[in-house]
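One letter stands for each residue in the lines below.
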Amino acid sequence: MEQTFKAVTHSQGIIIWRIEKMELVPVPEKSHGHFYEGDCYLLLYTKKVSSSLCYEIHYWIGSQSSQDEQGAAAVYTIQLDEFLGSTPVQHREVQDHESNAFRGYFKQGIIYKKGGVASGMRHIETNSYDVKRLLHVKGKKRAIAKEVEMSWESFNLGDVFLLDIGKTIIQWNGPKSNKQERLKGMLLAKDIRDRERGGRAEIKVVEGDAESNSPQSMKILTDVLGERTFNLTDGPPDETADQELKAAVTLYLVSDADGQMKVTEVAVRPLVQDLLNHDDCYFLDQGGVKIYVWKGKRANKAERQAAMARALEFIRTQNYPITTNVETVNDGAESALFKQLFQKWTVRDQTQGLGNVHTRGKVAHITQEKFDATLMHVMPEIAAQERMVDDATGQVEVWRIENLELVPVDPQWYGYFYGGDCYLILYTYLVNSKKNYLLYVWQGRHATQDELAASAFQAVDLDQKYGGEPVQVRITMGKEPRQFMAIFKGKMVIFEGGTSRKGSSDPEPPIRLFQVHGSDPFNTKAIEVSALATSLNSNDVFLLKSQSGLYLWCGKGSSGDERAMAKEISSVIGQNAQKGSEEIVAEGQEPLEFWQLLGGKAPYANDKRLQQVVSDHQPRLFECSNKTGRFIVTEVTQFTQDDLSEDDVMLLDTWDQVFLWIGVEANEEERSQGVITSQEYLRMHPGGRDPDTPIILIKQGFEPPTFTGWFTAWDASKWSEGKSYEELKKELGDIISPVNVTNEQNCAEDKKSFQSYPAEALINKFANELPEGVDLTQKEKYLCDSDFSNIFGITKDDFASLPRWKQLNLKKEKGLF
């Protein structure tokens, strides 16, 4: 096995093998993304997560491959899984039906080629011009190009086509194709030119609704395909499963105790983690769109190894298409996609943000380190993890909705929120002397429908007054994010009902109980709860306010920091109480009056939290659309800033928050329906999500660091410098002269002339220490792709698209300048 998988290293990146005569043969890097329909392939993706390596194995089945080859691919997948310690996530991929994860590895797109090993097809060598093919390109975010018959019969009005005849590539755009599809087609054409032709081929573009504007290109098309004697028709619609279907999740227990596979339904949405038993294997059926297999760590080896075969048997018995996607995950090494199908998925001894876990025996003591707010804009990844844009010292303005209009709140009452009201809070902070805005819409649990509608309307109005720059955050009472709490410096109080309006007829209740959450001024709030003993909890601090005074009750599980913050907030809640009347009470030493005020002693939650558990969810990016009348959510995997397109509405889900990013060219309906789109996404999420999860609306060009921090190498100048489809097309032109695409895009000819050397031979080396022939000013070009990704954390293509100054800074930082 060592020999079979000798190509496997501990470096990040992708390795692909093709099955040739039942043996695994590595595919050269320059042919990655090209797949023969008559073959099967194995793909291993390796990435670093903290200090450990995570693996994903995909086996790909060509539509014309033999049963023997498909069987060999499945066997090699099991062997590779064992070779890597049974930790990888395994995927079965079928041509034309690949998972988003698989397509995400190939940013420039995937090309299906006719033939295979059996017909003597080799992976193309660079500078080969003996080519004659027609490629049908589909897909907005990740392009798929399929070799089709060289005939006008293959064309339609809705897609993009590439005629590749070696030294010339002609892109024909269907009149009904969209700008995104045209851009993807052009990037794919450039990729073919650079990787397969060493940069020596010309690209021409023909717009299908203006063919007469490109006479020379049309002549070439006619010479190759003949005259077109009929009218083209619309293409078939893209096959997409709507969110309603994906939301229908069912968990099945799988056993083969008597040699026969037995499948028993366990539960339907919402699923909880505790349903999974370590001794067993399970199927999770996501509406027939995808099948997951979970292998318990104590399940027997035969059961674990047969998991994929069992899943295919299950697909047949359910009458699902044989192309149905299958993913198998191991107990303790589950994929992010699998975890998100559960209402709550937690990992013990793990803290959020910059916290550390210190374990003594079986009890984890959590210490939360103070963070430096000045790092937020220099290191947006910290801002994203901490959910903070700055240290909350900016300017605050608060309005209350009154008679459906905005009424300013007196600054002395900032931080007081009543459940019968709605509020707008504008927070202004400076970054490099430029004003940035967060606009919060806080909606009380008992506010009327008219007030809720008015708060949304007034937010749009205020947003427009500030030129559409504010980031809008919708908050449901009790779900306040960290930045919002930080604005009020640890003195935020939420009253269950009532209103703060002048002349309110509601008398203040004589007895009120507040639960205090938080350990520092950035995360503290007091929430009113029912004034009953059953509301108490041993892990927290409570404030009991009556006409005679104020009790500060400290549960046994509360920390010193929590008690200190409760004292701070007691001065706000007890404003009208007599000075010095506050009484600190330890749990178990309460005076009789304390219980009398709460209506008598009663049982309450008193289990001390031995371990802090947090949700374990990776950020995910989606393209949202309801243009067809069905709500469609398409995931974009391996996402980068380039996946945010000007005419898109994109949704970034970080589980405790949902960001909705709106491109400058998104249509008016998509812009105005933003919050509804986000709510629809939460409602239909297979994990049974909290519908009150905060929703953050962001406009292109005004992204806060809490958003940009989730993207690798975010470039703030991209929107002014990035090339649109029209600019790229103009650059390529429709003339016969050779094509030059920007100098920053290094063509394959350049890449070809750079021999690869080990990283240690290049890093921090002077000219006289470098291998012979290495250009001192371009040392990074002599790294192989996997070393390059490990060192810079991005691919060579992503690096090439960065501004020059950013490239130089990265090279200096990595010792390659």
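Up top is the structure.
Residues numbered from 1 in each chain as written. Predicted model: local features only at pLDDT ≥ 70, side-chain atom pairs only at ≥ 80, totals over all residues. Heavy atoms only, no water.

Remarks on the overall build of the protein chain
Part 1 of the argument: Of the regular secondary structure elements, the protein chain holds 22 helices and 38 strands.
Part 2 of the argument: Looking at the protein chain as a whole, 52% of its 817 residues are labelled buried.
Part 3 of the argument: Look at the contacts in the protein chain between residues 6 or more apart in sequence, and 66% of them connect residues 24 or more apart.
Part 4 of the argument: Working note: accessible area of the protein chain is about 37700 Å², and carbon and sulfur atoms make up 49% of it. (Helix = DSSP H or I, 4+ residues; strand = E, 2+ residues; numbered from the N terminus. Buried < 20%, exposed > 50% of the residue type's maximum accessible area, 1.4 Å probe, protein only. Contact = heavy atoms within 4.5 Å. Areas by Shrake-Rupley, 256 points an atom, 1.4 Å probe, with all protein chains shown as cover.)

Quick look at empty space enclosed by the protein
Part 1 of the argument: According to the stated counting rule, one finds five cavities of 30 Å³ or more in the structure shown.
Part 2 of the argument: The space that makes up the largest cavity amounts to roughly 120 Å³.
Part 3 of the argument: In terms of lining residues, the largest cavity is bounded by 14 residues, among which Tyr440, Gln483, Gln657, Ile696 and Thr706 are the most central.
Part 4 of the argument: Listed by contribution, the elements that provide at least two residues to the lining of the largest cavity are β25 (434-443), β26 (471-476) and α11 (482-487). (1 Å grid on protein atoms, 1.4 Å probe; cavity = no way out; pocket = protein on both sides within 12 Å on 5 of 7 lines; lining within 4 Å. Points joined across faces, edges and corners; volume = space filled by probe spheres on them.)

What about the pairing of strand β24 (residues 422-431)?
Part 1 of the argument: Where burial is concerned, most of β24 is hidden: nine out of the 10 residues are buried.
Part 2 of the argument: When strand β21 (residues 395-402) meets β24, the two strands line up antiparallel, connected through six bridges. In the sheet register, Glu397 faces β24, and the bridge partner there is Leu426.
Part 3 of the argument: Summarising the sheet, β24 and β25 pair through 10 bridges and their orientation is antiparallel. Residue pairing in the sheet places Thr428 in a bridge with Tyr437 of β25.
Part 4 of the argument: Remark: two residues form the turn of the hairpin made by β24 and β25, two consecutive strands paired antiparallel; Asn432 in that turn has positive phi of roughly 50°. (Pairing = 2+ DSSP bridges.)

Some words on helix α7 (residues 307-317)
Part 1 of the argument: Taken together, the buried positions of α7 are Ala307, Met308, Arg310, Ala311, Leu312, Phe314 and Ile315.
Part 2 of the argument: Directly beyond the C-terminal end of α7, a positive phi value near 60° is found at Asn319.

As for the environment of Ser66
Part 1 of the argument: Mapped onto the secondary structure, Ser66 falls in the loop between β5 (52-61) and α1 (67-83).
Part 2 of the argument: A C-alpha to C-alpha distance of 7.8 Å links Ser66 and Asp39, two positions 27 residues apart in sequence.

Observations concerning the side chain of His91
Part 1 of the argument: Tracing the chain through its elements places His91 in strand β6 (residues 89-94).
Part 2 of the argument: Looking at His91, the relative accessible area reads 2%, which means it is buried.
Part 3 of the argument: Within the local environment of His91, its side chain forms a polar contact with the side chain of Glu56, the two groups lying 2.5 Å apart.
Part 4 of the argument: Excluding its chain neighbours within four sequence positions, the residues that come into contact with His91 are Glu56, Ile57, His58, Tyr59, Met308, Val326 and Glu327. (Polar contact = N/O pair within 3.5 Å; in protein donor to acceptor, adjacent residues only side chain to side chain.)

Examining unusual backbone geometry
Part 1 of the argument: Phi at Ser86 is positive, roughly 55°, even though this residue is not glycine.
Part 2 of the argument: Residue placement: Ser86 occurs in the loop between α1 and β6.

Observations regarding the nonpolar core
Part 1 of the argument: Phe417, Ile425, Trp442, Phe484 and Phe707 are the most contacted members of the largest nonpolar core, which has 58 residues in total.
Part 2 of the argument: Take this core: its biggest share by element is five residues, from β24.
Part 3 of the argument: Among residues more than four places away in sequence, those in contact with Trp442 are Phe417, Tyr418, Gly419, Asp421, Cys422, Tyr423, Ile425, Ile475, Met477, Glu480, Phe484 and Ile494.
Part 4 of the argument: In this structure, Ile15, Ile57, Met308 and Leu312 belong to the second largest nonpolar core, which totals 30 residues. (Core = buried A, V, L, I, M, F, W, Y, C linked by side-chain atoms within 4.5 Å.)

So, the sheet that holds β5
Part 1 of the argument: Strand order in the open sheet formed by 10 strands is β2-β1-β4-β5-β6-β17-β16-β15-β13-β14, with mixed pairing between adjacent strands. The sheet terminates laterally at β2 (23-26) and β14 (262-268), the two strands that pair on one side only. Strand after strand, the sheet turns through a mean of 25° between neighbouring axes, direction not considered.
Part 2 of the argument: Relative to β14, strand β13 (residues 249-255) runs antiparallel, the two being bridged by six bridges. If you follow Leu253 over to β14, its bridge partner there is Thr264. (Axes fitted to C-alpha atoms, helices over the stretch in contact; angles between N-to-C directions.)

A few points about helix α4 (residues 215-225)
Part 1 of the argument: Within the sequence span of α4, burial applies to Ser217, Met218, Leu221 and Leu225. For α4, the angular spread of buried residues about the axis comes to 100°, placing them on one side. Of the exposed residues in α4, those oriented more than 90 degrees away from the buried face are Pro215, Lys219 and Asp223.
Part 2 of the argument: Of the surrounding elements, those touching the buried residues of α4 are β10 (160-164), β11 (168-173) and β12 (202-207).
Part 3 of the argument: Of the residues flanking the end of α4, it is Gly226, one or two places downstream, whose phi is positive at about 85°. (Arc of directions from axis to C-beta.)

A closer look at the packing of aromatic side chains
Part 1 of the argument: By the definition in use, this model includes 46 aromatic pairs.
Part 2 of the argument: Note on Phe594 and Trp595: the rings are 5.2 Å apart at their centroids and 80° apart in plane angle, and the pair reads as edge-to-face. Note on accessibility: Phe594 and Trp595 belong to one class, buried.
Part 3 of the argument: Put simply, the rings of Phe35, Tyr41, Tyr45, Trp60, Phe102, Tyr105, Phe106 and Tyr112 touch in pairs and so form one group of aromatic residues. (Phe/Tyr/Trp six-rings, centres within 6.5 Å; stacked < 30°, edge-to-face > 60°.)

Quick look at the sheet that holds strand β29 (residues 525-529)
Part 1 of the argument: Pairing within the open sheet is mixed, and its seven strands lie in the order β23-β27-β29-β28-β30-β31-β32. Since the sheet does not close on itself, it has two edges, and those belong to β23 (416-418) and β32 (582-586), each with one partner. Ignoring which end each strand starts from, the neighbouring axes of this sheet average 25° apart.
Part 2 of the argument: Of the strand pairs in this sheet, strand β31 (residues 549-554) and β32 are connected by five bridges, and their pairing is parallel. The residue of β32 that forms the bridge with Tyr551 is Glu583.
Part 3 of the argument: Strands β23, β27 (493-495), β28 (512-517), β29, β30 (541-546), β31 and β32 of the sheet are contacted by helix α12 (residues 560-573), whose axis makes an angle of about 20° with β30.

Section: the pattern of salt bridges
Part 1 of the argument: Scanning the entire structure with this criterion turns up 24 salt bridges.
Part 2 of the argument: In this structure, Lys479 engages Asp690 in a salt bridge whose closest nitrogen and oxygen atoms are separated by 2.5 Å. With Lys479 in the loop between β26 and α11 and Asp690 in the loop between α15 (674-684) and β38 (695-699), the pair connects residues that are 211 residues apart, well separated along the chain.
Part 3 of the argument: Residue Glu528 pairs with Arg512 through a salt bridge whose shortest N-O separation is 2.9 Å. (Salt bridge = Lys/Arg side-chain N within 4 Å of Asp/Glu carboxyl O.)

Remarks on the environment of Asn325
Part 1 of the argument: Its location among the elements puts Asn325 in strand β17 (residues 325-330).
Part 2 of the argument: Relative accessible area serves as the criterion here: at 6%, Asn325 is assigned to the buried category.
Part 3 of the argument: Here the alpha-carbon distance between Asn325 and Glu93, two residues 232 residues apart in the chain, equals 6.2 Å.
Part 4 of the argument: Among all residues touching Asn325, those that are not within four sequence positions of it are Arg92, Glu93, His97, Glu98, Ser99, Val289, Lys290 and Ile291.
Part 5 of the argument: Looking at Asn325, its side chain comes within polar contact range of the main-chain oxygen of Arg92, at 3.4 Å.

Brief notes about the pairing of strand β16 (residues 290-295)
Each regular strand shows side chains that alternate between the opposite faces of the sheet.
Part 1 of the argument: Among the six residues that make up β16, six are buried, leaving the element largely enclosed by the rest of the structure.
Part 2 of the argument: The alternating pattern of β16 places Lys290, Tyr292 and Trp294 on one face and Ile291, Val293 and Lys295 on the opposite face, and all of these are buried.
Part 3 of the argument: Sheet topology places strand β15 (residues 281-286) next to β16; six bridges connect them, and they run antiparallel. Each residue of the ladder has a partner; that of Asp285, found in β16, is Ile291.

So yeah, pure geometry; function would need other evidence.
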